[in-house]
Amino acid sequence: MKSYIKNKFIRFLEVALALHGFLHFFEFGIAIYEEAYITATFAAFGGIIMLLSVIFLDGHSHHHKHRIDDEHKHDD
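Reading the values: the criteria
Residues numbered from 1 in each chain as written. Predicted model: local features only at pLDDT ≥ 70, side-chain atom pairs only at ≥ 80, totals over all residues. Heavy atoms only, no water. Salt bridge = Lys/Arg side-chain N within 4 Å of Asp/Glu carboxyl O. Helix = DSSP H or I, 4+ residues; strand = E, 2+ residues; numbered from the N terminus. Buried < 20%, exposed > 50% of the residue type's maximum accessible area, 1.4 Å probe, protein only. Patch = residues over 30% accessible without salt bridge, like charges linked within 9 Å, V, L, I, M, F, W, Y side chains within 5 Å. Areas by Shrake-Rupley, 256 points an atom, 1.4 Å probe, with all protein chains shown as cover. Expected span 1.5 Å × (residues − 1).

Taken as a whole, this structure holds one salt bridge when the rule is applied. For E14, the salt bridge goes to R11, with nearest N and O atoms at 3.0 Å. One end of the pair, E14, and the other, R11, are both in helix 1 (residues 2-33), three residues apart, so they sit about a helical turn from each other. Since its relative accessible area comes to 14%, E14 is described here as buried. What makes R11 partly exposed here is its relative accessible area of 45%.

Structure follows, in structure tokens:
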């Protein structure tokens, strides 16, 4: 049960990180509309970093490695 809750919580954090990245792109659009180009640059950079983190760190965290290793132990 504890592992189930931990897995769900980590998935929640991954989704929240992705949504936060999308909010940066919304912020970018508003900054461009207001002609706040420096703010737009920082918002775009933050959004790109957050979305790339979700994409590339999704299956490579310490948590996922243990889950994958545990699944392969049962294959033998």
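From this point, things continue past the structure.
There is a patch of nonpolar side chains on the surface, built from V15, L19, F22, F25, F28, I32, Y37, I48, L52, I55 and F56 and spanning about 1000 Å² of accessible area. Mapped by element, the contributors of at least two residues to the nonpolar patch are helix 1 and helix 2 (37-57). Looking at which element gives the most residues to the nonpolar patch, the answer is helix 1, with six residues. With respect to the helices and strands, the residue I48 is situated in helix 2.

Our focus in this paragraph is helix 1. An α-helical segment advances 3.6 residues per turn. Residues three or four places apart therefore align on the same side. Over its 32 residues, helix 1 runs 47 Å from end to end, which matches the ideal 46 Å to within 8%, given 1.5 Å per residue. Within helix 1, the full set of buried residues consists of I10, E14, A18, G21, H24 and A31. After helix 1 finishes, the residue E35 shows a positive phi value of roughly 60 degrees.

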